[in-house]
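# Structure at a glance
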Amino acid sequence: MNDKARDENSQPEMLEGAKSMGAGAATIASAGAAVGIGNVFSSLIHSVARNPSLAKQLFGYAILGFALTEAIASFAPMMAFLILSVFRSKKESFSLIKQAPLSHNKVEAGLGTI
């Protein structure tokens, strides 16, 4: 077996492995978001314990910090799904094109008669 044939056969497996590793690495941000949310509410508890008269104002700031941290955390699964679904090998792309032929007949395409 020559090197070119071996490279063409191993390319889809390498791509799948790289996609899985990339998606796993993208989800590490969820752990960072959990730590960030813990820090936000920990700081809220400490601040209210020091000055209870500012509890209402501090709670508003804590909710804002929580929302911003959670918004950043929502990018992690989005990136993971993007990595898994967008990047395809050339063979996958060609097989998808061959499986879905275009129909020129309006009735077969579900458009009915116009």
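Residues numbered from 1 in each chain as written. Predicted model: local features only at pLDDT ≥ 70, side-chain atom pairs only at ≥ 80, totals over all residues. Heavy atoms only, no water.

So the rule is basically this: UniProt positions are given in the numbering used here, feature names are shortened, and annotations may be inferred rather than shown by experiment.
Per an unreviewed UniProt entry, the protein chain goes by the name ATP synthase subunit 9, mitochondrial and belongs to Hibiscus trionum. Listed in UniProt under the heading Subcellular location (unreviewed entry), the comment for the protein chain reads: "Mitochondrion membrane".

## Some points on the overall build of the protein chain
Filter applied, for reference: Only runs of H or I of at least four residues qualify as helices and only runs of E of at least two qualify as strands under DSSP, and these elements are numbered from the N terminus. The buried label applies to any residue whose accessible area, calculated with a 1.4 Å probe on protein chains only, is under 20% of its type's maximum; exposed applies above 50%, and partly exposed to all values in between. In this analysis, two residues are considered to be in contact whenever any of their non-hydrogen atoms come within 4.5 Å of each other. Residue exposure ignores everything except the shown protein chains as possible cover, and the areas themselves are Shrake-Rupley values with a 1.4 Å probe.
Along the backbone of the protein chain there are 5 helices and 0 strands. The burial tally for the protein chain puts 12% of its 114 residues in the buried class. Sequence-distant contacts in the protein chain: of pairs separated by 6 or more residues, those separated by 24 or more amount to 72%. Of the accessible surface of the protein chain, which amounts to about 9000 Å², a share of 67% is contributed by carbon and sulfur atoms.

## Re the UniProt feature "transmembrane region" (unreviewed entry) in the protein chain
Mapped onto the present numbering, the UniProt feature "transmembrane region" (unreviewed entry) falls on residues 21–41 and 61–87. With 93% helix and 0% strand, the stretch residues 61–87 has end C-alpha atoms that lie 40 Å from each other.

## A short note on helix H3 (residues 55–73)
The test is simple: To estimate the expected span of a helix, count its residues, drop one, and scale the result by 1.5 Å.
When the terminal C-alpha atoms of H3 are compared, their 26 Å separation across 19 residues agrees well with the 27 Å that a helix rising 1.5 Å per residue should span. In this structure, the buried side of H3 is in contact with helix H2 (29–50) and helix H4 (75–86).

## Section: the packing of aromatic side chains
What counts is decided by this rule: Geometry of aromatic contacts follows a simple scheme: Phe, Tyr and Trp rings, the Trp one being its six-membered ring, pair when their centres are within 6.5 Å, and the pair is stacked under 30 degrees between planes, edge-to-face over 60, tilted otherwise.
According to the stated counting rule, one finds 1 aromatic pair in the structure shown. Between Phe 41 and Phe 66 the ring centres are 5.9 Å apart and the planes differ by 50°, which places this aromatic pair in the tilted class. Remark: Phe 66 occurs in helix H3 and Phe 41 occurs in helix H2; sequence separation between them is 25 residues. For Phe 66, a relative accessible area of 30% corresponds to the partly exposed category.

## Quick notes on the pattern of salt bridges
For the record, the criterion: When a carboxyl oxygen of Asp or Glu lies within 4 Å of a side-chain nitrogen of Lys or Arg, that pair is called a salt bridge.
Under the definition given, this model contains 1 salt bridge. Glu 16 is paired through a salt bridge with Lys 19; the nearest N and O atoms lie 3.2 Å apart. One end of the pair is Glu 16 and the other is Lys 19, both in helix H1 (residues 3–26) and 3 residues apart, which spans about a single turn. In this structure Glu 16 comes out as partly exposed when scored by relative accessible area, which is 36%.

## Thoughts on the packing of H2 against H3
What counts here: Between N-to-C directions, angles span 0 to 180 degrees; the directions come from axes that are lines fitted to C-alpha atoms, helices contributing only their stretch in contact. Each angle gets one of four labels, with under 35 degrees taken as roughly parallel, over 145 as roughly antiparallel, 65 to 115 as roughly perpendicular, and the rest as oblique. Under this grouping Gly is polar, as are all residues other than the nonpolar Ala, Val, Leu, Ile, Met, Phe, Trp, Tyr, Cys and Pro and the charged Asp, Glu, Lys and Arg.
Look at H2 against H3: their axes get within 9 Å of each other, and the N-to-C directions meet at 175°. Here H2 is positioned roughly antiparallel relative to H3, judged by the angle of their axes. For the pair formed by H2 and H3, the contact residues are Ala 33, Gly 36, Ile 37, Val 40, Phe 41, Leu 44, Ser 47 and Val 48 on the first element and Ala 55, Leu 58, Phe 59, Ala 62, Gly 65, Phe 66, Thr 69, Glu 70 and Ala 73 on the second. Split by residue class, the contact of H2 with H3 holds 12 nonpolar, 4 polar and 1 charged.

## Some details on the packing of H3 against H4
H4 packs onto H3 with a crossing angle of 10° between their chain directions and a minimal axis gap of 4 Å. Classified by the angle between their axes, H3 and H4 sit roughly parallel to one another. Across the interface between the two elements, Ala 71, Ile 72 and Ala 73 from H3 touch Phe 75, Ala 76 and Pro 77 from H4. Here the contact of H3 with H4 is built from residues that sort into 6 nonpolar, no polar and no charged.

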